[in-house]
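Residues per chain are reported as follows:
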Amino acid sequence: MRQSRVAEGELSDEGLLAGMAVGEQAAAVSFTRRYQRRVFGLAYSMTGDAGVAEDVAQEAMIRVWRHAPVFDPRRGSVASWVLTITRNLAIDALRLRRAVPTDPDDFAASAMRSNEHNPEDSVHRGDVRHTVRTALEVLPEEQRRAVVLAAVYGRTALEISEAEGIPLGTAKTRIRTALIRLRAAVEHAEGVNHER
Amino acid sequence: MSDDIEETGCDRFADELAELALGVLTGRDRAGALSHVESCPRCAEELEQLSRVADTVVQAAPEVEPPMGFEVRLFERMGVADVRARRRLRPSRWVPAVAAAAAAAAALAVGLSLSLSSSPAPTVAAQGHQNGVVSANLVESGETVGHVVAFGGARPWMSMMLADSTARGLVNCVVVTDDGVTHHVGTFVAQQGYGAWIAPLHVNPEDLRTAEVVSPSGTVIATATLG
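What you see is a predicted model, and the numbers here were worked out from it, not measured in a lab. (Residues numbered from 1 in each chain as written. Chains lettered and ligands numbered in written order. Predicted model: local features only at pLDDT ≥ 70, side-chain atom pairs only at ≥ 80, totals over all residues.)

## Quick word on the nonpolar core
Reasoning step 1: Core analysis: the biggest nonpolar cluster contains 118 residues, and Ala43, Val147, Ile175 and Leu179 of chain A together with Val148 and Ala150 of chain B have the highest contact counts within it.
Reasoning step 2: For this core, the element with the most residues is helix α2 (residues 25–47) of chain A, which contributes 11 residues.
Reasoning step 3: Not counting chain neighbours up to four residues away, the residues in contact with Ala43 of chain A comprise Ala53, Val56, Ala57, Thr86 and Ala90 of chain A. (Core = buried A, V, L, I, M, F, W, Y, C linked by C-beta atoms within 7 Å. Buried ≥ 20, exposed ≤ 12 C-beta atoms within 10 Å, placed from the backbone. Helix = DSSP H or I, 4+ residues; strand = E, 2+ residues; numbered from the N terminus. Contact = placed C-beta atoms within 7 Å.)

Encoded structure:
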């Protein structure tokens, strides 16, 4: 068994998941401490209830821990995987409890005003959060609501059209236009990073 | 000719590709879009790109400190052993800080040196502005609604207690330094106007001018004047 070990704080997300997959407790502890604020933050931003958000966040972290061996990096980043699990659980919790989700404007406002920066998290440098938050900020409000309702709250175009009181075609156009604008922003940011 | 046919087909699925990428396309629409993507490399590529972007939206959510004990309860469910023994006593992040703030307050009162980490411990002074320690009341509409204490040393940190405030739900803590720059410290949950946290501070406490509790919309709820 290898005794030398890279400090846990320097391990990539994928490295920590690999450690969790083979039952390494230190990896589970480190991964949890790296992600618990993001997972709880997403759950709370969607539900607006600290108790529900804790249930969701706990279950999400348990699922990540149990399913670490089947994570497929070809299908996306670890952050995307973990937060999608969280999002889906939050949607289920809201439906099960027939609770009212937070307003997409509140979610967007919280996201856009967040500016987490921790010099200790070297692996998180250059992450996509800043880009997406900035891109959301410059979207027209109706497009931002549409894409947040779909991407975060899992609302279909029909549900958005009913909730917003707009024709189905308008809802579809808002979703598509917003997503394409977000893509342009992400691609621009990636291009800038590559030039550096 | 065939290009025209393919273009028409692709155009028909333009909206559906976005919804498919977001995972909100259902039923017959979903089946039709998937069938088209299988036979159209260009739309398959488009779907892959849109899916990658769609996945980033949830990542925009703010970080929020979980309730006290979250980590312990989680590790117990995971069966992670010796969690309490392995926990770093000095919090590396904001933690709900009833115990930590109480310890800090006690240390302030008696002028003890508080050792909360394996790194050199910050020296805690009895006064509100001494030996790299600054403190002030949080004031909201002329009323004291809490207290802020910032500690210097090799790894500065600060504690904040909030009570009887109008803060509800998500709130941000920011500090403003003497050069006028605002630094975001963290995002937290205030329950019924109450909250208590402790967190690392990435600026020198003696450079602090104010610490503020700010709503997600940017409204300053309470302010502590530190310098």
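## Here we look at the interface of chain A and chain B
Reasoning step 1: If you look at the interface, chain A gives 58 residues, while chain B gives 48 residues.
Reasoning step 2: A total of 12 residues in the side of chain A that touches chain B trace back to one element, the largest contributor, which is α2 of chain A.

## Remarks on the packing of α2 of chain A against helix α5 (residues 70–78) of chain B
Reasoning step 1: Relative to each other, α2 of chain A and α5 of chain B sit at 140 degrees, their axes nearing to 11 Å. The angle between α2 of chain A and α5 of chain B places the two elements in the oblique class. As for the relative orientation of α2 of chain A and α5 of chain B, their crossing is right-handed in sense. Between α2 of chain A and α5 of chain B, the residues in contact are Ala28, Thr32 and Gln36 of chain A and Phe70, Glu71, Leu74 and Met78 of chain B, respectively.
Reasoning step 2: For the contact of α2 of chain A with α5 of chain B, the residue count by class is 4 nonpolar, 2 polar and 1 charged. (Axes fitted to C-alpha atoms, helices over the stretch in contact; angles between N-to-C directions. Parallel < 35°, antiparallel > 145°, perpendicular 65-115°, else oblique. Left-handed = near helix turned anticlockwise from the far one by under 90°. Nonpolar A, V, L, I, M, F, W, Y, C, P; charged D, E, K, R; others polar.)

## Brief notes about the confidence of the model for chain A
Reasoning step 1: Residues at a pLDDT of 70 or more form 86% of chain A, whose mean pLDDT is 84.
Reasoning step 2: Note that residues 1–6 of chain A has pLDDT below 50 and, in this model, 1 contact with residues that lie over four places away or in other chains. (pLDDT = per-residue confidence, 0-100.)

## Overview of the environment of Ala43 of chain A
Reasoning step 1: By the element assignment, Ala43 of chain A lies in helix α2.
Reasoning step 2: Measuring from C-alpha to C-alpha, the distance between Ala43 of chain A and Ile91 of chain A comes to 9.1 Å, with 48 residues separating the pair along the chain.

## Considering the environment of Asp106 of chain A
Residues and elements named next belong to chain A.
Reasoning step 1: With respect to the helices, strands and loops of the structure, Asp106 is situated in helix α5 (residues 104–113).
Reasoning step 2: Given 18 C-beta atoms within 10 Å, Asp106 falls into the partly exposed group.
Reasoning step 3: For the pair Asp106 and Met46, spaced 60 residues apart in the sequence, the C-alpha separation amounts to 9.2 Å.

## Focus on the pairing of strand β5 (residues 157–162) of chain B
All names here are of chain B.
Reasoning step 1: Of all 6 residues in β5, 6 are buried; the element is thus mostly enclosed.
Reasoning step 2: Here strand β4 (residues 143–151) runs beside β5; their pairing, made up of 6 bridges, is antiparallel. Counterpart to Gly146 in the pairing with β5 is Leu162.
Reasoning step 3: Counted along the chain from β4 to the antiparallel partner β5, the turn is 5 residues long, and its residue Gly153 has a positive phi close to 100 degrees.
Reasoning step 4: Two strands pair when backbone bridges link them, and β5 and strand β8 (residues 195–200) are joined in this way by 6 bridges, in the antiparallel orientation. Looking at the pairing, Met158 lines up with Ala199 of β8. (Pairing = 2+ DSSP bridges.)

## Section: the packing of helix α3 (residues 50–67) of chain A against helix α4 (residues 78–96) of chain A
Residue and element names in this part refer to chain A.
Reasoning step 1: Orientation of α3 relative to α4, taken along the N-to-C sense of each, is 135 degrees, at an axis distance of 9 Å. Classed by the angle they form, the pair α3 and α4 counts as oblique. As α3 runs across α4, the sense of the crossing is right-handed. Contacts between α3 and α4 involve Val52, Asp55, Val56, Ala57, Glu59, Ala60, Arg63 and Val64 on the former and, on the latter, Val82, Ile85, Thr86, Leu89, Ala90 and Ala93.
Reasoning step 2: Looking at the contact of α3 with α4, its residues break down into 10 nonpolar, 1 polar and 3 charged.

## Observations concerning α3 of chain A
Reasoning step 1: For α3 of chain A, built from 18 residues, the straight-helix expectation of 26 Å at 1.5 Å per residue is met to within 8% by its first-to-last C-alpha distance of 25 Å.
Reasoning step 2: Residues Ala53, Glu54, Val56, Ala57, Gln58, Glu59, Ala60, Met61, Val64 and Trp65 of chain A constitute the buried set of α3 of chain A.
Reasoning step 3: Elements in contact with the buried residues of α3 of chain A: α1 (13–21), α2 and α4 of chain A together with α5 of chain B. (Expected span 1.5 Å × (residues − 1).)

## Quick notes on the environment of Asn172 of chain B
Reasoning step 1: Take Asn172 of chain B: it is sitting in strand β6 (residues 169–177).
Reasoning step 2: Classification of Asn172 of chain B by C-beta neighbours within 10 Å gives buried; the count is 22.
Reasoning step 3: Along the primary structure Asn172 of chain B and Pro62 of chain B are separated by 110 residues, whereas in three dimensions their C-alpha atoms are 9.9 Å apart.
Reasoning step 4: Excluding residues within four positions of it along the chain, Asn172 of chain B makes contact with Arg113 of chain A together with His184, Thr187 and Val214 of chain B.

## Let's talk about the confidence of the model for chain B
Residues and elements named next belong to chain B.
Reasoning step 1: Per-residue confidence for chain B gives a mean pLDDT of 75; residues scoring 70 or more make up 74%.
Reasoning step 2: When mean pLDDT is taken per element in chain B, strand β10 (residues 220–225) scores highest with 93 and helix α7 (residues 98–110) scores lowest with 43.
Reasoning step 3: Counting contacts from residues 85–92, a segment whose pLDDT is below 50, to residues more than four positions away or on other chains yields 9 contacts.
Reasoning step 4: Low confidence marks residues 97–128, where pLDDT is under 50. Its contacts with residues over four positions away, or in another chain, come to 62 contacts.
Reasoning step 5: Overall fold confidence (pTM) sits at 0.69, and the ipTM for the predicted complex is 0.85.

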